[in-house]
Amino acid sequence: MEQRSLPFSNRWMFNRVMLQESICRKVIRATTGIKAKEITYLNAEQVIEPSPDNRGVRMDIFAQDDSHAYDIEMQVEPELLLGKRFRYYQSALDMRAIPRGSDYDGLTESFIVFICVQDPFQQGLPVYTIERSCREAPHQAIGDESHWIALNAEAWSDLANEELLDLLRYVETDEPDGPLSQEIHAAVSEANADRKWVGKVWSVSTIEENDARRHRIGLRLARKEGIEEGLAQGIEQGIEQGIEQGIEQGIEQGAAQFAALADQLLDQGRLEDLKRAAHDKEFREQLLREFESKA
């Protein structure tokens, strides 16, 4: 039986490899242009051990040097709200940077980097550098010292920066070529040789994928039933406005009902009941009555 291996783009593999300081410093240099001499990891305890129970903001690699803070994330799936995710991570990074009650002049210059497997903004660019500016005076420096960078691995061939090109090409192809990718690939191979760790990653990834799949199924089901209920209501009213309102209300009601049910089942660890509820309407209604009686 062929052994399954994890690529560098797998978030657990990314975390493990990036905890090698030599690699992390070179990735920071390739993505931000900063030559960090020494870095300190601020979340090393959370990034290696696979667990489906992580809560809150899970920063992939959160590190700092004497004058900068870095958060480097691997983004495999498309993220429609990447801008808000940047904002969310920035707030979490800043809150960790200074103690409660301290003045904001203690904030260090920060870089949040998303290494995206797919083009995050669909503009075909290899690098998207996002800086805050004044609309009325675009050349006015704001001085917030926060920098957001989204990298598009699909467009690696358009880069002039050889080190960044080497990094993104490896993310896209899993084929090492230059010095940085070769060093990363050696670390990836070493980690894949730890079969106990790889097995745990696969187990956790399966749980997370199944949870995500159940969520998608639930939303589709709720939408379908909401549309059907809405159409029935609209037809009974016999007017076009009723149909439109019925569809909208039906979708919202169905989605809200199933979302609330899913939350309660997940809180109780009843994953099998959630899976069955996504397909069995009678069982789902039974569960809804169960929770209503306890309310």
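The rules behind these values
- Counting restarts for each chain: residues are numbered from 1 in the order of the written sequence.
- Where totals are concerned, whole chains, interfaces and linings use all residues; where local detail is concerned, this predicted model gives features only for residues with pLDDT of at least 70, and gives and counts side-chain atom pairs only at 80 or more.
- Only heavy atoms go into the side-chain values, all of them from the structure, while hydrogens and water stay out.
- Under the DSSP-based scheme used, a helix requires at least four consecutive residues in state H or I and a strand at least two consecutive residues in state E, with every element numbered from the N terminus.
- Each residue is placed in one exposure class: buried if its accessible area under a 1.4 Å probe, protein chains only, is under 20% of its type's maximum, exposed if it is over 50%, and partly exposed if it falls in between.
- Contacts were defined at the residue level, with two residues in contact if any of their heavy atoms lie within 4.5 Å.
- Note on pairing: DSSP must find at least two bridges between two strands before they are called paired.
- The convention used is that axes are lines fitted to C-alpha atoms, helices contributing only their stretch in contact, and that angles between N-to-C directions extend from 0 to 180 degrees.
- Orientation labels follow simple angle bins: below 35 degrees gives roughly parallel, above 145 gives roughly antiparallel, 65 to 115 gives roughly perpendicular, and whatever is left gives oblique.
- By convention the crossing between two helices is left-handed if the near helix lies anticlockwise of the far one by an angle smaller than a right angle, and right-handed if it lies clockwise.
- For Phe, Tyr and Trp, rings pair up if their centres lie within 6.5 Å, where Trp contributes its six-membered ring, and each pair is then called stacked (planes under 30 degrees apart), edge-to-face (over 60) or tilted (otherwise).

Our focus in this paragraph is the overall build of the protein. A tally of regular secondary structure across the protein gives 10 helices and six strands. The proportion of buried residues among the 295 residues of the protein is 39%. The contacts in the protein between residues at least 6 apart in sequence include a share of 61% that link residues at least 24 apart.

Across residues other than glycine, the phi torsion is negative in most instances, and most of the peptide bonds are trans. Phi at glutamine 122 is positive, roughly 55°, even though this residue is not glycine. Turning to its location among the elements, glutamine 122 is positioned in the loop between strand E4 (109-116) and strand E5 (127-130). Taking relative accessible area as the criterion, glutamine 122 reaches 63% and is therefore assigned exposed. Backbone geometry places glutamate 145, a non-glycine residue, at a positive phi of 55°. Residue placement: glutamate 145 occurs in the loop between E5 and strand E6 (146-152).

Ordered in space as E1-E2-E3-E4-E6-E5, the six strands form an open sheet in which the pairing is mixed. Bordering the open sheet on either side are strand E1 (40-41) and E5, each of which pairs with just one other strand. Here four bridges tie E5 to E6, and the two strands are oriented antiparallel to one another. Each bridged residue has a counterpart across the sheet, and for tyrosine 128 the counterpart in E6 is alanine 150. The sheet strands contacting helix H4 (residues 82-97) are strand E2 (61-64), strand E3 (68-75), E4, E5 and E6, and the helix crosses E4 at an angle near 140°.

Another point: the packing of helix H2 (residues 21-32) against helix H5 (residues 162-173). The packing of two helices is summarised by the inter-axis angle and the distance between the axes. Remark: H2 packs on H5, axes separated minimally by 8 Å, with the N-to-C direction vectors making an angle of 110°. Looking at the two axes, H2 sits roughly perpendicular to H5. Where H2 crosses over H5, the two elements pack in a sense that is left-handed. Only Glu163, Leu164 and Leu167 of H5 make contact with H2, whose side of the interface consists of Lys26, Val27, Arg29, Ala30 and Thr31.

What follows covers the environment of isoleucine 112. Position of isoleucine 112 relative to the elements: it lies in strand E4. Note on isoleucine 112: relative accessible area 0%, which makes it buried. Separated by 38 residues in the primary sequence, isoleucine 112 and alanine 150 place their C-alpha atoms 8.5 Å from one another.

The geometry of two aromatic rings is summed up by the distance between their centres and the angle between their planes. A full pass over the atoms with the stated rule returns eight aromatic pairs. Consider the rings of tyrosine 89 and phenylalanine 114, whose centres lie 5.8 Å apart with planes at 70°: the pair is edge-to-face. Here phenylalanine 114 lies in strand E4 and tyrosine 89 lies in helix H4, a separation of 25 residues in the sequence. We note that tyrosine 89, like phenylalanine 114, is buried. Look at phenylalanine 121 and tyrosine 128: their rings are 5.0 Å apart centre to centre, the planes differ by 75°, and that puts the pair in the edge-to-face class. When its relative accessible area of 8% is taken as the criterion, tyrosine 128 is described as buried. Among the aromatic residues, those joined into a ring-pair cluster are Phe86, Tyr88, Tyr89, Phe114 and Trp148.

Such coordinate-based values are descriptive only and should not be taken to indicate function.
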